[in-house]
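Topology and contacts: notes
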Amino acid sequence: MAKFYGIGIGPGDSELVTVKASRLLSELDILYTPEAKMGGKSLALKIADPYIKEDLEIKQRHFPMVRDRSLKEGQWKEIADEIVQDVKSGKNVGFITLGDPMVYSTYSYLLEIIGDSIETQTIPGITSFNSIASQVNIPLVMDEESFAIVPATSGAEKLEEALKLHETVVIMKVANHLAMVLPLLEKYNLLHSTVLVSHASMDKQTIRRDISDLSVDEKLTYFTTMIVKKG
């Protein structure tokens, strides 16, 4: 029976794609890949490329990167309906997503819309923050410690609460929010304890282990993550 697969392809290095994900990519009939900008190149597709067969049908679809959910839901519904139609026609269909499909992924919205109308299976992938922690040899949690994942877009109050409560805080989507993030880190004397990584595991990767000299005006790529480790 045909099935819909949500496939996590990791943070950026094609060699970090799991064995299971690479096998499924080579067996699919149709592959959906997200694009943030209309007509733009899909980073996810570039990562998955070594595992894709030549005759695979690829459907690159635009997912608007805006905060207003009402502006996005119509596009999600249209894409979800197309996926359901493909699977019901007997095709094995995949949707690739950066990192893990269950961590800040558009796949989760598609899954919610699709529901149980077709059979689905989700394949986990390595997240950017797991990759970063391994590269810089910082344990995310040990013993009785806890950690939080907070998008900078959620605001100062939520981030400050996490910084007070947890030993480790992963701050995602920081690129356009340094004016909010940096003063909070300075307030709790955490600038020296923060690692900032852009383009994790990719050829363009950069690592900064102390961000005390980082300016609020500095331009960072969207693919930038901070790991704050107390102590």
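Being a predicted model, the structure only gives us computed values, none of them experimental.

Helix and strand counts for the chain stand at seven helices and 10 strands. Projected onto its principal axes, the C-alpha positions of the chain cover 60 × 35 × 35 Å. Here the chain, with 231 residues, has 47% of them falling under the buried criterion. Considering only contacts in the chain between residues 6 or more positions apart, those separated by 24 or more positions represent 70%. Of the roughly 12000 Å² of accessible surface on the chain, a fraction of 49% belongs to carbon and sulfur atoms. The average position of the 25 basic charges and that of the 32 acidic charges among the side chains of the chain differ by 2 Å.

Across the sheet, five strands lie side by side as S6-S7-S10-S8-S9; this open sheet has mixed pairing. Since the sheet does not close on itself, it has two edges, and those belong to strand S6 (147-151) and strand S9 (206-208), each with one partner. On average, adjacent strands in this sheet sit at an angle of 15° to one another, irrespective of strand direction. Sitting on the sheet, helix H7 (residues 178-187) is in contact with strand S7 (168-172), strand S8 (194-198) and strand S10 (224-229), with an inclination near 15° to S10.

Let us now look at the pairing of S7. Of all five residues that make up S7, five are buried, and the element is covered over most of its length. Residues Thr-168, Val-170 and Met-172 line one face of S7 and the alternating positions Val-169 and Ile-171 line the opposite face, and both faces are buried. One ladder, built from five bridges, connects S6 with S7; its direction is parallel. If you follow Ala-148 over to S7, its bridge partner there is Val-169.

Looking now at helix H5 (residues 128-136). Residues Ser-128, Phe-129, Ser-131, Ile-132, Ala-133 and Val-136 constitute the buried set of H5. Buried residues along H5 sit against S6, S7, S8, S9 and S10. Asn-137 occupies a position one or two residues after H5 and carries a positive phi of about 55°.

This paragraph deals with the packing of helix H3 (residues 69-88) against helix H4 (residues 106-114). Close contact between H3 and H4 brings their axes to 9 Å; oriented N to C, the two are set at 65°. Viewed along their axes, H3 and H4 adopt a mutual orientation that is roughly perpendicular. At the point where H3 passes H4, the crossing takes the right-handed sense. From H3, Arg-69, Trp-76, Lys-77, Ile-79, Ala-80, Ile-83 and Val-84 reach across to H4, where they touch Tyr-109, Leu-110, Glu-112, Ile-113 and Ile-114. Within the contact of H3 with H4, the residues separate by chemical class into nine nonpolar, no polar and three charged.

Okay, the sheet that holds strand S2 (residues 30-35) next. Across the sheet, five strands lie side by side as S3-S2-S4-S1-S5; this open sheet has parallel pairing. Only two strands of the sheet have a single neighbouring strand rather than two, namely strand S3 (57-62) and strand S5 (120-123). The mean angle between the axes of side-by-side strands here comes to 20°, regardless of whether they run parallel or antiparallel. As judged from the three bridges shared by S2 and strand S4 (residues 93-97), these two strands associate in the parallel manner. Bridge pairing links Leu-31 to Gly-94 in S4. Contacts from H3 reach strand S1 (4-8), S2, S3 and S4 within the one sheet, and its direction differs from that of S3 by about 165°. Contacts from H4 reach S1, S4 and S5 within the one sheet, and its direction differs from that of S5 by about 165°.

What counts, and at which threshold
Residues numbered from 1 in each chain as written. Predicted model: local features only at pLDDT ≥ 70, side-chain atom pairs only at ≥ 80, totals over all residues. Heavy atoms only, no water. Helix = DSSP H or I, 4+ residues; strand = E, 2+ residues; numbered from the N terminus. Buried < 20%, exposed > 50% of the residue type's maximum accessible area, 1.4 Å probe, protein only. Contact = heavy atoms within 4.5 Å. Areas by Shrake-Rupley, 256 points an atom, 1.4 Å probe, with all protein chains shown as cover. Lys, Arg positive; Asp, Glu negative; His and termini not counted. Charge placed at Lys NZ, Arg CZ, Asp CG, Glu CD. Pairing = 2+ DSSP bridges. Axes fitted to C-alpha atoms, helices over the stretch in contact; angles between N-to-C directions. Parallel < 35°, antiparallel > 145°, perpendicular 65-115°, else oblique. Left-handed = near helix turned anticlockwise from the far one by under 90°. Nonpolar A, V, L, I, M, F, W, Y, C, P; charged D, E, K, R; others polar.

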